[in-house]
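Chain by chain, the residues:
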Amino acid sequence: ISFSEEIKNINLKKIISYSSDNLTPIELEMIRTIRKSGLFFYKYYINQLNEQYLTLDPLIHYIRSTIWKIKDPNPVFNSAWYLKKYPEVENAKYNPLFHYIKWGAALGYNPHPDFSTNAYMSANKNIIPAGVNPLEHYVFKGALENRPLW
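Model, not experiment: these values are computed from the prediction.

About the cut-offs
Residues numbered from 1 in each chain as written. Predicted model: local features only at pLDDT ≥ 70, side-chain atom pairs only at ≥ 80, totals over all residues. Heavy atoms only, no water. Core = buried A, V, L, I, M, F, W, Y, C linked by side-chain atoms within 4.5 Å. Buried < 20%, exposed > 50% of the residue type's maximum accessible area, 1.4 Å probe, protein only. Helix = DSSP H or I, 4+ residues; strand = E, 2+ residues; numbered from the N terminus. Expected span 1.5 Å × (residues − 1). Contact = heavy atoms within 4.5 Å. Polar contact = N/O pair within 3.5 Å; in protein donor to acceptor, adjacent residues only side chain to side chain. Salt bridge = Lys/Arg side-chain N within 4 Å of Asp/Glu carboxyl O.

### Concerning the nonpolar core
Logical step 1: Among the nonpolar cores identified, the biggest contains 32 residues, and Ile34, Leu59, Tyr62 and Leu135 are the most heavily contacted of them.
Logical step 2: Those elements that provide at least two residues to this core are α3 (25-37), α4 (42-46), α5 (58-64), α6 (79-85), α8 (96-107) and α10 (134-142).
Logical step 3: Element by element, the count of residues in this core is highest for α8, at 5 residues.

### Remarks on α3
Since the α-helix advances by 3.6 residues per turn, residues separated by three or four positions end up pointing in the same direction.
Logical step 1: Its 13 residues give α3 an end-to-end C-alpha distance of 18 Å, which sits within 8% of 18 Å, the value for a rise of 1.5 Å per residue.
Logical step 2: Within the span of α3, buried status applies to Glu27, Met30, Ile31, Thr33, Ile34 and Ser37.
Logical step 3: Considering only its buried residues, α3 is in contact with α5, α8 and α10.
Logical step 4: Of the residues trailing α3, Gly38 is marked for its positive phi of about 75°.

### Remarks on the side chain of Ser79
Logical step 1: One can find Ser79 in helix α6.
Logical step 2: Ser79 sits in the buried class, given a relative accessible area of 0%.
Logical step 3: Looking at Ser79, its side chain comes within polar contact range of the side chain of Tyr62, at 2.9 Å.
Logical step 4: Filtering out sequence-adjacent residues up to four positions away, Ser79 remains in contact with Tyr62, Ile70, Lys71, Asp72, Pro73 and Pro96.

### Observations regarding the pattern of salt bridges
Logical step 1: Scanning all chains against the criterion turns up 4 salt bridges.
Logical step 2: The closest approach of N and O atoms between Glu29 and Lys102, which form a salt bridge, is 2.9 Å. Residue Glu29 is located in helix α3, and its partner Lys102 is located in helix α8; the two are separated by 73 residues in the primary sequence.
Logical step 3: Using a relative accessible area of 39% as the deciding quantity, one classes Lys102 as partly exposed.
Logical step 4: In this structure, Arg35 and Asp57 form a salt bridge, with 2.7 Å as the shortest nitrogen-oxygen distance. In this pair, Arg35 is assigned in helix α3 and Asp57 in the loop between α4 and α5, connecting sequence segments 22 residues apart.

Distances and angles like these do not, on their own, reveal function.
Written out as structure tokens, the structure reads:
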């Protein structure tokens with residue numbers, strides 16, 4: 001069986017049931033925040049990994065990854081690029097997606113070289129409610145409506 005066939009047959013419930021006893025308080029906060037956002041695409045992330053990571057919850061793998069090993073949580077968030085563009089995030093040891101959700105969007109940080117947070121907000125200010133993360137809006141509504149990224 002090939003790795004891609006294994007991905008199709010993976011039991012996400014089994015690997016997502018990792019015990020919270022093994023997680024630090026900040027890891028738990030990151031997991032809750034990222035899961036609530038819906039911006040972590042499990043199958044997308046798993047497709048970037050080697051077989052050895054199939055027994056660990058991919059979200060836990062993602063939040064524990066270093067800049068040299070980090071993968072992207074979805075097609076419109078470039079983790080390595082975000083850390084290079086905003087070195088203070090890496091210096092503070094924040095997971096890039098967590099940082100973007102929690103603070104980065106409000107600061108006007110961009111999640112991807114092809115997505116401008118401020119331009120997207122300006123172009124869609126009449127339909128994005130206050131406090132809604134622009135990337136979440138794009139992923140779950142804007143892309144379906146063919147709204148521009150810039």
